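A structural walkthrough
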Amino acid sequence: MKNRRRVRKTPSAGPTIESNRGDRGPTHPALREVQMELPADALADRLPEQATPHDRERAEVELRRLTAIVRNVTDAVIIQTFDGGILAWNRGAELMYGYAEEEAVGMNIRDIIPPRVHQKAAALSDRIASGEAVGSFETRRLTKDGRTINVWVTATTLTDASGRPEAIATTERDITQLKEAEETIRVQQSEIAHFGRVHAMGEFAAALAHELNQPLCAIGVNARAAQRMIDAEEPLDELQDALGDILQDVERAGRVVQGIRDQLQKCEPEFSTLNINAVVGGIAPIAEALGRNDNTGIRFILGDGLGPVQGDRIQLQQVLLNLIRNGVEAMPDTEPDLRILIVETTKSNGDEVQVCVRDHGQGLRDSVAERMFEPFFSTKQDGMGMGLAICSSIIQAHGGRLWATQNADAGCTVQFSLPCYPEANVP
Amino acid sequence: MNAQPTVFIVDDDDSVRRALQRLARSVGLNVETFGGAQEFINSYDSSRPGCLVLDVRMPGLSGLDLQEELKLRGFTIPIVFITGHGDVPMSVRAMKGGAVDFISKPFNDQTLLDAIQHAQAKDQESRKEQAALGDILGRVDRLTPREREVFALVVCGKLNKQIAHQLGTSEKTVKVHRARVMQKMKAESLADLVLLAQAVGLCKPKVQSE
Ligand SMILES: Nc1ncnc2c1ncn2[C@@H]1O[C@H](COP(=O)(O)OP(=O)(O)OP(=O)(O)O)[C@@H](O)[C@H]1O
Ligand SMILES: [Mg+2]
């Protein structure tokens, strides 16, 4: 072992990494120039002058242990000069990018960076050279066989004895599969969510038809009344009032139609900064339609000073509509004057918003409470049991929490909380 | 009693309620509106003539609940129900509960106005009947116990002789009572008397004719 280790003096101490290549065939000539082994004096600069041989040995053992770890991790570990010259290339890098260590050392890092990313990479390298800590970031790399892969890179600056930045060490993890899996899940989740919305709108059809009928009816009656007023030569301001009411109802019908359209829309979830009260307000027409259909009043209590949340408006509205429908469906046996559903938004834990849907219905038996969020669990004759399961997945994707509690008096409250992000530091 | 009839409109939907009110006013009707069934019950004075225009579906007490409640309290105000479509079972229930009319949304304004007019007429009629009934009951009240017995037997078709026998008096006395009953009840003939008796439920017409 010892005799295989070459000791080489380089002008500067240089970044060091052990290359235990004894069992791996002849060394590529090009590589000899940058062969990186553990020089006998590798530790010289790092140990105090009075270090005893014992200290020295301990330190050396430690260094070996670390380099062994680096060699064997599946992450690629690459050391490069600020010009991109590759100085070291571990086993993980070989597996990930397809170049053997012999080939890679001496190549330029640009060889494994897709041309489109070159400029960005160079800029980054400059920032590192100037001593800036860039931490971790996601980027793309090119493999030897021409694939583009997604990698998660953690970059650190290596300095020489005097603390001058000298090279860049990166740890790179292939996250391509992870990203693909995430994408698949995201697409599936969005498709299931869309399916749920279409299904729900089907269930709501009768209630929605009725809800559209209201403004249409009022518009018709007002228009007839206006005609009669004209015939009777009544004062114009009465006529103005009638026309004003007609316009209001046109808008109202428009809002119902917009609400339905939003829910039926098939679109990729799109996260944006949202005011939760506006999100809740947007489904009020549909919620009220659902309520009216079952002689249930819906009361909205919207809190003040709630922080913005990040999310997909349509999916959050879908969650609300599901919870509202469940609440309404839980109250058929409730006394008429108690048949009220409360939708409330509040601040919780300081940096969260909470949306509660509180009913006065049958409440939750233990056997239901345990399983209600499971897909296809339903106690309803024609329930599909997907409502809450879809809600769960949506809220999870929003980094929030969804849960149900039994009310002290009657019925239950199903609620979700979402983290607030001040606009400036949206993740 | 001879006050102008009022159209009481109960609908939870503000804009529909305002529209109905405007339409009714445009043809010179007296209108009062309520946003809910409970609100109406709380303030309703059954001595005021009129009719009720009622939305079937409302949160809290529905139109049907209100109809039942009014019935329980013995109020007979005619009801015009307004329904959305797909409310067939509700409509059937309301009809059985004695609704005068059903209008389904959206409706022709004239249809509603006709229904209101019909309901008002019905209310007027039933108020007249009520008044007449009250009048007859007042007359019955003025009969002595003995006269009442004679009244009941006469309208059942009994002869004076039979009545005298049954009451244990003379035929002559029965004749005197009978004349007084005719006079107090303001009946011109036996047929009149029978009708009055039927109106207050003193005898059943069917059984009588057999
Ligand atoms: N507010 C509530 N009160 C009482 N039970 C509830 C409430 N919300 C949900 N549940 C229970 O949880 C079950 C699952 O609800 P979920 O919304 O997932 O499905 P569902 O309403 O049965 O059918 P659908 O797929 O049409 O929504 C319900 O069947 C019911 O037993
Ligand atoms: Mg449900």
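It should be noted that the structure appears before, not after, this text.
All of the points below concern the structure found in this document. Residues take numbers from 1 onward in each chain, read along the sequence in its written order. For this description, chains carry letters from A and ligands carry numbers from 1, given in the order in which they are written. Since the coordinates come from a predicted model, pLDDT governs what is reported: local features require at least 70, and pairs of side-chain atoms require 80 or more to be given and counted, while whole-chain, interface and lining totals use all residues. For the side-chain quantities, the full set of heavy atoms in the structure was used; hydrogens and water were omitted.

With that settled, consider the overall build of chain A. In terms of regular secondary structure, chain A is built from 12 helices and 12 strands. Looking at chain A as a whole, 44% of its 427 residues qualify as buried. Relative to all contacts within chain A whose residues are 6 or more apart in sequence, the contacts with residues 24 or more apart total 61%. Accessible surface for chain A amounts to roughly 22700 Å². Of this, 52% is attributable to carbon and sulfur atoms. Under the DSSP-based scheme used, a helix requires at least four consecutive residues in state H or I and a strand at least two consecutive residues in state E, with every element numbered from the N terminus. Exposed residues in this analysis have more than 50% of their type's maximum accessible area, buried residues have under 20%, and partly exposed residues fall in between, with area computed by a 1.4 Å probe over protein chains only. Any pair of residues with heavy atoms lying within 4.5 Å of one another is described as a contacting pair. The Shrake-Rupley method, run with a 1.4 Å probe, gives the accessible areas here. Residue values count only the displayed protein chains as cover.

As a further point, take helix α10 (residues 313-329) of chain A. One fewer than the residue count of a helix, multiplied by 1.5 Å, yields its expected span. Compared with the 24 Å implied by 1.5 Å per residue over 17 residues, the 24 Å span of α10 of chain A between its first and last C-alpha is a close match. The element α10 of chain A is extensively covered by neighbouring structure, given that 14 of its 17 residues are classed as buried.

For interface size, the figure often reported is the accessible area lost on association. On the chain A side, the residues contacting the 28 residues of chain B number 27 residues. A 1.4 Å probe defines the accessible area here, and the buried area is the portion of it lost by two parts on being joined, summed over both. Around 2300 Å² of area is buried between chain B and chain A when both sides are counted, 50% of it from carbon and sulfur atoms. Definition used for salt bridges: Asp or Glu carboxyl oxygen within 4 Å of a side-chain nitrogen of Lys or Arg. The salt bridge involving R252 of chain A is made with D13 of chain B; its shortest N-O contact spans 2.4 Å. Counted as a polar contact is a pair of N or O atoms within 3.5 Å, where, for protein atoms, one must be capable of donating a hydrogen and the other of accepting one, and residues adjacent in sequence contribute only when both atoms are in side chains. Our enumeration of links across chain B and chain A arrives at 15 residue pairs in polar contact (both at pLDDT 80 or more).

The next point concerns the packing of aromatic side chains. Planes of paired rings set the category: under 30 degrees apart is stacked, over 60 is edge-to-face and the rest tilted, where pairs are Phe, Tyr or Trp rings (Trp by its six-membered ring) whose centres lie within 6.5 Å. With the rule as written, the count across this model stands at 9 aromatic pairs over all chains. Where F40 of chain B meets Y44 of chain B, the ring centres are 4.9 Å apart and the plane angle is 25°; that geometry is what we call stacked. Y44 of chain B sits in the buried class, given a relative accessible area of 11%. Placement of a positive charge over a ring is assigned whenever Lys NZ or Arg CZ falls within 6 Å of the ring centre and within 35 degrees of the normal to the ring plane. A cation over a ring is seen here: R401 of chain A above W403 of chain A, with NZ or CZ 4.0 Å from the ring centre.

What follows covers the sheet that holds strand β10 (residues 352-358) of chain A. Residues and elements named next belong to chain A. Note: two strands are recorded as paired if DSSP finds a minimum of 2 bridges between them. One open sheet holds the 5 strands; their spatial order is β7-β9-β10-β12-β11, and the pairing between them is mixed. In this open sheet, the two strands that pair with only one neighbour each are β7 (297-302) and β11 (401-406). Looking at each pair of strands side by side, their axes are set apart by 15° on average, direction ignored. Relative to strand β12 (residues 412-419), β10 runs antiparallel, the two being bridged by 7 bridges. What sits directly across from V357, in β12, is V414. Along the sheet, helix α12 (residues 387-397) contacts β11 and β12; its crossing angle with β11, the most-contacted strand, is approximately 135°. To define axes, lines are fitted to C-alpha atoms, for helices over the stretch in contact only, and angles between the resulting N-to-C directions are given on a 0 to 180 degree scale.

If you look at the biggest cluster of nonpolar residues, it comprises 49 residues, and the most contacted ones within it are L320, L323, I324 and F416 of chain A. Counting residues per element, this core draws most heavily on α10 of chain A, at 7 residues. Ignoring anything within four residues of it in the chain, the contact list for I324 of chain A reads I283, A287, L290, I298, L341, V343 and V357 of chain A. Counting residues in each nonpolar core, the second largest holds 23 residues, with A218 of chain A together with F107, L113 and A119 of chain B among its members. As used here, the term nonpolar core means buried Ala, Val, Leu, Ile, Met, Phe, Trp, Tyr and Cys residues forming a set that is joined through side-chain atoms within 4.5 Å.

Residue and element names in this part refer to chain A. Tracing the backbone through its elements, the reader meets N108 in the loop between α4 (101-104) and α5 (118-129). One polar contact links the side chain of N108 to the main-chain amide nitrogen of R110, over a distance of 2.9 Å. Other than its neighbours up to four places away in sequence, N108 contacts D83, G84, G85 and I86.

Now for the site of ligand 1. Residues and elements named next belong to chain A. Proximity is defined per residue: if any heavy atom of the residue lies within 4 Å of a molecule or strand, that residue is considered near it. Not every one of the 21 residues close to ligand 1 is listed here, only the nearest: D359, S378, T379, K380 and L388. Measuring from a nitrogen atom of ligand 1, one finds a side-chain N or O atom of D359 at 2.7 Å. Here an oxygen atom of ligand 1 sits 2.4 Å away from a polar atom, N or O, in the side chain of T379. Protein coverage of the free-state accessible area of ligand 1, which is 590 Å², stands at 98%. For the shell around ligand 1, the elements supplying multiple residues, two or more each, are α10 and α12. Considering every element that reaches the shell around ligand 1, the biggest residue donor is α10, with 3 residues. Class assignment of the residues belonging to the shell around ligand 1 gives a composition of 9 nonpolar, 9 polar and 3 charged. Lys, Arg, Asp and Glu make up the charged group, whereas Ala, Val, Leu, Ile, Met, Phe, Trp, Tyr, Cys and Pro make up the nonpolar group; the residues left over, Gly among them, are polar.

The next thing to look at is the environment of A207 of chain A. One can find A207 of chain A in helix α6 (residues 176-231). If we ignore the near neighbours within four places in the chain, the residues touching A207 of chain A are A289, L290 and N293 of chain A.

Enumeration over the complete set of coordinates arrives at 33 salt bridges over all chains. E132 of chain A is the salt-bridge partner of R127 of chain A, the closest N and O atoms lying 3.0 Å from each other. You can call R127 of chain A partly exposed: its relative accessible area is 37%. Taking the shortest distance from any N to any O, the salt bridge between E69 of chain B and R73 of chain B comes out at 3.0 Å. What makes E69 of chain B partly exposed here is its relative accessible area of 26%. By relative accessible area, which is 42% here, R73 of chain B ends up partly exposed. Put simply, E203, R325, E329 and K380 of chain A are held in one network by salt bridges that share partners.

A few words on the sheet that holds strand β5 (residues 165-174) of chain A. All names here are of chain A. Reading across from one edge, β2-β1-β5-β4-β3 is the order of the 5 strands in this open sheet, with antiparallel pairing throughout. The sheet is open, and its two borders are formed by β2 (86-89) and β3 (136-142), each paired with just one other strand. Between one strand axis and the next, the sheet turns by 30° as a mean value, whatever way the strands run. Relative to β5, α5 is tilted by about 130°, and along the sheet it contacts β3, β4 (148-159) and β5.

Residues and elements named next belong to chain B. The contact between helix α6 (residues 145-155) and helix α9 (residues 190-199) brings their axes to 9 Å, and the two run at 105°. Judged by the angle between their axes, α6 and α9 are roughly perpendicular. Facing α6, whose interface residues are F151, V154 and V155, α9 presents L190, L193, V194 and A197. A class-by-class count of the residues in the contact of α6 with α9 yields 7 nonpolar, no polar and no charged. Comment on the angle field: the value is read as roughly parallel under 35 degrees, roughly antiparallel over 145, roughly perpendicular from 65 to 115, and oblique elsewhere.

What follows concerns helix α8 (residues 171-184) of chain B. Residues and elements named next belong to chain B. The end-to-end C-alpha separation of α8 is 20 Å, in line with the 20 Å expected for 14 residues at 1.5 Å each. Buried within α8 we find V174, H177, V181 and M182. Buried residues of α8, viewed axially, fall in a sector of 140°; they line one side. Seen from the buried face of α8, the exposed residues on the opposite side, beyond 90 degrees, are K172, K175 and Q183. K186, located one to two residues past α8, shows a positive phi value of around 55°. The arc in question is the one spanned by the directions pointing from the helix axis to the C-beta atoms.

So, about unusual backbone geometry. In most cases, non-glycine residues show a negative phi, while peptide bonds are predominantly trans. Geometrically, the link from K105 of chain B to P106 of chain B is a cis peptide bond, its omega value of -10° lying close to zero. As for its position among the elements, P106 of chain B is in the loop between β5 (101-104) and α5 (109-141). Phi at N295 of chain A takes a positive value of approximately 50°, unusual for a residue other than glycine. Here N295 of chain A shows up in the loop between α9 (284-293) and β7. Positioned with a positive phi, K186 of chain B is a non-glycine residue whose angle comes to about 55°. Summarising the element assignment, K186 of chain B is placed in the loop between α8 and α9. Taking the relative accessible area as the measure of exposure, K186 of chain B reaches 56% and is therefore exposed.

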